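One letter stands for each residue in the lines below.
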Amino acid sequence: MICFNEPTYVEKGIGYITEAILKNRRLNGDGVFTERCTKWFEERTGSKVLLTTSCTHALEMTAMLAEIQPGDEVIMPSFTFVSTADAFVLRGARIKFVDIRKDTMNIDENLIESAITDRTKAIVPVHYAGVGCEMDTILDIARRNHCFVIEDAAQGMMGSYKGKYLGTIGDMGAYSFHETKNYTMGEGGLVLVNRKEYMHRSEIIREKGTNRAQFFRGEIDKYSWVDVGSSYLPSEMNAAYLLPQLEIADEINSKRLKLWELYYDGLKELEREGKIELPYIPKECSHNGHMFYIKAKDLEERTELIQYLKEYGIKAVFHYIPLHSSIAGRKYGEFVGEDRNTTKESERLLRLPMFYALGEEEVEYVVGKVKEFYSRRR
Ligand SMILES: *Cc1c(COP(=O)(O)O)cnc(C)c1O
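Each residue is numbered by its place in its chain's sequence as written, counting from 1. With pLDDT at 70 or above as the cut-off, local features in this predicted model cover only qualifying residues; side-chain atom pairs require 80 or more to be listed or tallied, and sums for whole chains, interfaces and linings still use all residues. Heavy atoms throughout the structure, all of them, feed into the side-chain values; hydrogens and water do not.

Novice: Lay out the sheet that holds strand 9 (residues 189-193) in plain terms, naming residues and giving numbers.
Specialist: Judged by pairing direction, the sheet is mixed, and its eight strands sit side by side in the order 1-9-8-5-4-2-3-12 without closing on themselves. Pairing within the sheet leaves two strands with one partner each, and these edge strands are strand 1 (48-52) and strand 12 (333-335). Ignoring strand direction, the axes of neighbouring strands in this sheet form an average angle of 25°. Should DSSP find at least two bridges between two strands, the strands are taken to pair. Under the scheme used here, helices are H or I runs from DSSP no shorter than 4 residues and strands are E runs no shorter than 2 residues, and both carry numbers assigned from the N terminus. One ladder, built from three bridges, connects strand 3 (residues 94-98) with strand 12; its direction is parallel. By the bridge assignment for strand 12, Lys-96 is matched with Glu-334. Residue contacts are defined here by distance: any two heavy atoms, one from each residue, within 4.5 Å place the two residues in contact. Helix axes are fitted to C-alpha atoms over the stretch in contact, other axes to C-alpha atoms as well, and angles between N-to-C directions run from 0 to 180 degrees. Packed onto the sheet, helix 3 (residues 55-65) meets strand 1, strand 5 (148-152), strand 8 (172-176) and strand 9 and runs at close to 165° relative to strand 8.

In structure tokens, the structure reads:
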């Protein structure tokens, strides 16, 4: 059985967790392991970062920092995870869903402008599969219309656009360390604050609205309640699990890219024959091997392929049901313009097994079975 995902595990993880429990004797947030993770990200990205309990929570923090108010509008693709929208709906925003590009499954930058109104407060590009959105165009639209750019880079750690890490390009960004992502702590995330004026408040919001972070740095002699906030800091045990993955982050990234290339090379013949479509990586982007998907002809063919692979012990899965057609999506937002690609392309997309411990021979086996499926169909 080849499963779809296994959480990334590196051996030192257990040692670090044991150290947190038995040596440091400190399990609540912001201990040495959280600090070491934070330092790693700050050195890598050059942004102010804070480890959080999830990417969902990191996005909630960005919505608070951007001071989203009831009646504000937020633009995003409909082809995304619920949290992208939920984080803003919680603050009273209405969601304006914009169609995606067929080639990258990312928001179509050329359609954003037509969704802008004088209530637009933020644009939230989602870097699907760790492949960057067309950020220069998006930043330009945001600048001209005075709204925030908040990157949902949940899948994007280590991916980049024009040499800049995803999540560091807009005003704020968010990563996920959920077990399905490239680097994981079970449940967890990171908020990237790329503008100085929001750094101070981000610490306060994450610590229940208190200035406790300043207190621990010795900048003030007691801490108190100064703003709204919540509890967004993860436990040291989670940070201890993540840290050793960061220590070999490039190695993990290379391994995933290698598996991705193996899939790509193995399946490009089927694409040439016009039977499937493969992911497209714009030249401005380097991706992180987060996901390998193919596109079947339509929903029916995809369903048959899932079944076929299952019979051979391979778990392949589809992805998002577009938010604008969900119960909450209809209640809290609406699609702007025509849905040319979102529904149609999401119904064709199929994700193949992809995780750090996956073997090359397993990828070859999956490639063989996909080819076999198409050779039998004709
Ligand atoms: C995984 C994911 C999230 C949510 O991440 P959590 O850490 O599970 O909260 C949000 N947006 C996108 C695009 C994701 O892939």
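Novice: Give a description of helix 10 (residues 249-272) that names residues and reports values.
Specialist: Expected span, for any helix, means 1.5 Å times one less than how many residues it has. Between its first and last C-alpha atoms helix 10 spans 34 Å; for 24 residues at 1.5 Å apiece the expected length is 34 Å, and the two agree. Bending is quantified residue by residue as the angle between axes fitted to the seven-residue window ending at that residue and the seven-residue window starting at it. Along helix 10, the helix axis deviates most sharply at Gly-266, where the bend reaches about 35°. Buried-residue contacts for helix 10 involve helix 2 (32-45), helix 9 (236-247), strand 11 (292-295), strand 13 (349-352) and helix 14 (360-377). Within two residues after helix 10, Gly-274 carries a phi angle of roughly 80°, on the positive side.

Novice: Describe a nonpolar patch on the surface, with residues and values.
Specialist: A cluster of nonpolar side chains, namely Ile-21, Leu-22, Leu-27 and Met-237, defines an oily patch on the protein surface of about 330 Å² accessible area. Inspection of the secondary structure assignment puts Leu-22 in helix 1 (residues 12-24). For patches, a residue must show more than 30% relative accessible area and have no salt bridge; joins then use 9 Å for like charges and 5 Å for nonpolar side chains, namely Val, Leu, Ile, Met, Phe, Trp and Tyr. For the accessible areas, the method is Shrake-Rupley and the probe is 1.4 Å, while residue cover comes only from the protein chains on display. Think of a salt bridge as a Lys or Arg side-chain nitrogen and an Asp or Glu carboxyl oxygen that are within 4 Å of each other.

Novice: Explain the pattern of salt bridges to me, using residue names and the numbers behind them.
Specialist: Inspection of every chain in the model, using the stated rule, returns 33 salt bridges. Between Arg-212 and Glu-207 there is a salt bridge whose closest N-O contact spans 3.8 Å. Each of Lys-102, Glu-277, Lys-295, Glu-345 and Arg-348 takes part in salt bridges that share partners, so that together they form one network.

Novice: Hey, could you go over unusual backbone geometry for me, with residue numbers and the actual values?
Specialist: A positive phi angle, near 50°, is found at Arg-25, a position not held by glycine. Among the structural elements, Arg-25 can be located in the loop between helix 1 and helix 2. Buried means the residue's accessible area, taken with a 1.4 Å probe over protein chains only, is under 20% of the maximum for its type, while exposed means over 50%, and partly exposed covers the values in between. Overall, the relative accessible area of 66% leaves Arg-25 in the exposed class. Look at Met-105: it is not a glycine, yet its phi comes out positive at around 65°.

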